[in-house]
Amino acid sequence: CLPYEFEPCDHPCMVPGTPVQSCPATCADGSKLELVYPKSNAYTCPEGDIACVAKEIQEHGSVGVTFGPVYEDFYSHKSGVYHAPKDGGDGLGMHATKLIGWGKTDEGEWYWIMVNSWRNWGDDGVGFVGMGEMQIESGIAAIEM
């Protein structure tokens, strides 16, 4: 019931010194804020278990994911299925996003549908990343709400 605290931005969008807002007592429209509590503790899928990740998304919704390393060309990905360069070196560090689904290209390639916080990535922040890329299936976190 509240808008996201920060405006979408192009990468990088960290603004040092940005104060965290206090917890609100009401929604943006003035209605009572209803708290939702988790039904489970946080848990993860076993490393590399694509079926577990897909099942989690299907049964409970999106999952948070930390992955990497991320390479320079990831920042400018716009369309198609992203693949990390095979000779990418050490990369530029880790990144966190969420996965909201999966799909398969006409050529039979499986991919994750990823939502990124960068509006200049993919199609206004949504893009496709090949399954098995950048150790995505190694950093899945979920909680039942």
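Since this is a predicted model, take the numbers as computed values, not measurements. (Residues numbered from 1 in each chain as written. Predicted model: local features only at pLDDT ≥ 70, side-chain atom pairs only at ≥ 80, totals over all residues. Heavy atoms only, no water.)

Let's shift gears to the overall build of the protein. For the protein, the count of helices and strands is two helices and six strands. The buried share of the protein, taken over its 145 residues, is 30%. Counting contacts in the protein only where the partners sit at least 6 residues apart, residues at least 24 apart contribute 61% of the total. Summed over its atoms, the accessible surface of the protein is roughly 9,500 Å², and 53% of this surface lies on carbon and sulfur atoms. (Helix = DSSP H or I, 4+ residues; strand = E, 2+ residues; numbered from the N terminus. Buried < 20%, exposed > 50% of the residue type's maximum accessible area, 1.4 Å probe, protein only. Contact = heavy atoms within 4.5 Å. Areas by Shrake-Rupley, 256 points an atom, 1.4 Å probe, with all protein chains shown as cover.)

On to the state of the cysteines. One pass over the full model with this rule turns up one disulfide. Disulfide pairing places cysteine 45 opposite cysteine 52 at an S-S distance of 2.2 Å. The chirality of the disulfide connecting cysteine 45 with cysteine 52 is left-handed, given an S-S dihedral of about -75°. Note on cysteine 45: relative accessible area 9%, which makes it buried. (Disulfide = S-S within 2.5 Å.)

Counting residues in each nonpolar core, the largest one holds 24 residues, and the members touching the most others are Phe74 and Leu99. Beyond its immediate sequence surroundings of up to four residues, leucine 99 is in contact with Val53, Ile57, Ser62, Val63, Val65, Trp112, Ile113, Met114, Ile136 and Ile140. (Core = buried A, V, L, I, M, F, W, Y, C linked by side-chain atoms within 4.5 Å.)

In total, this model carries six aromatic pairs according to the counting rule given. With centroids separated by 5.8 Å and ring planes inclined at 70°, the aromatic side chains of phenylalanine 67 and phenylalanine 74 adopt a geometry described as edge-to-face. Its relative accessible area of 0% is what places phenylalanine 74 among the buried residues. Measuring from ring centre to ring centre gives 4.3 Å for tyrosine 111 and phenylalanine 128, while their planes differ by 35°; the resulting arrangement is tilted. With tyrosine 111 in strand S4 (residues 110-115) and phenylalanine 128 in strand S5 (residues 126-130), the pair connects residues that are 17 residues apart, well separated along the chain. Judged by relative accessible area, phenylalanine 128 falls into the partly exposed class, the value being 31%. Cluster of aromatic residues (ring-pair linked, three or more members): Phe67, Phe74, Tyr75, Tyr82, Trp118 and Trp121. (Phe/Tyr/Trp six-rings, centres within 6.5 Å; stacked < 30°, edge-to-face > 60°.)

Turning our attention to a nonpolar patch on the surface. A surface patch of nonpolar side chains, about 280 Å² in accessible area, is lined by Val36, Ile143 and Met145. With respect to the helices and strands, methionine 145 occurs in the segment after strand S6 (140-141). (Patch = residues over 30% accessible without salt bridge, like charges linked within 9 Å, V, L, I, M, F, W, Y side chains within 5 Å. Salt bridge = Lys/Arg side-chain N within 4 Å of Asp/Glu carboxyl O.)

With that out of the way, let us pick up the sheet that holds S6. Neighbouring strands of a sheet are bound in pairs by backbone hydrogen bonds; such pairs are parallel or else antiparallel. Taken in spatial order, the six strands make up an open sheet running S2-S5-S4-S3-S1-S6, and their pairing is mixed. Of all strands in the sheet, those bounded by a partner on one side alone are strand S2 (81-82) and S6. Relative to strand S3 (residues 95-104), strand S1 (residues 63-67) runs antiparallel, the two being bridged by five bridges. Note that in S3 the partner of phenylalanine 67 across the bridge is histidine 95. Sheet strands in contact with helix H1 (residues 50-60) are S1, S3, S4 and S6, and its direction is about 90° off that of S3. (Pairing = 2+ DSSP bridges. Axes fitted to C-alpha atoms, helices over the stretch in contact; angles between N-to-C directions.)

Turning next to H1. Looking only at H1, the buried set comprises Val53, Ala54, Glu56 and Ile57. End-on, the buried residues of H1 take up no more than an arc of 155°, which puts them together on one face. Projecting away from the buried face of H1 at angles above 90 degrees are the exposed residues Ala51 and Gln58. Where H1 is buried, its residues meet S1, S3, S4 and S6. Directly after H1, the chain includes glycine 61, whose backbone phi takes a positive value near 105°. (Arc of directions from axis to C-beta.)

Shape descriptors only; they carry no functional weight alone.
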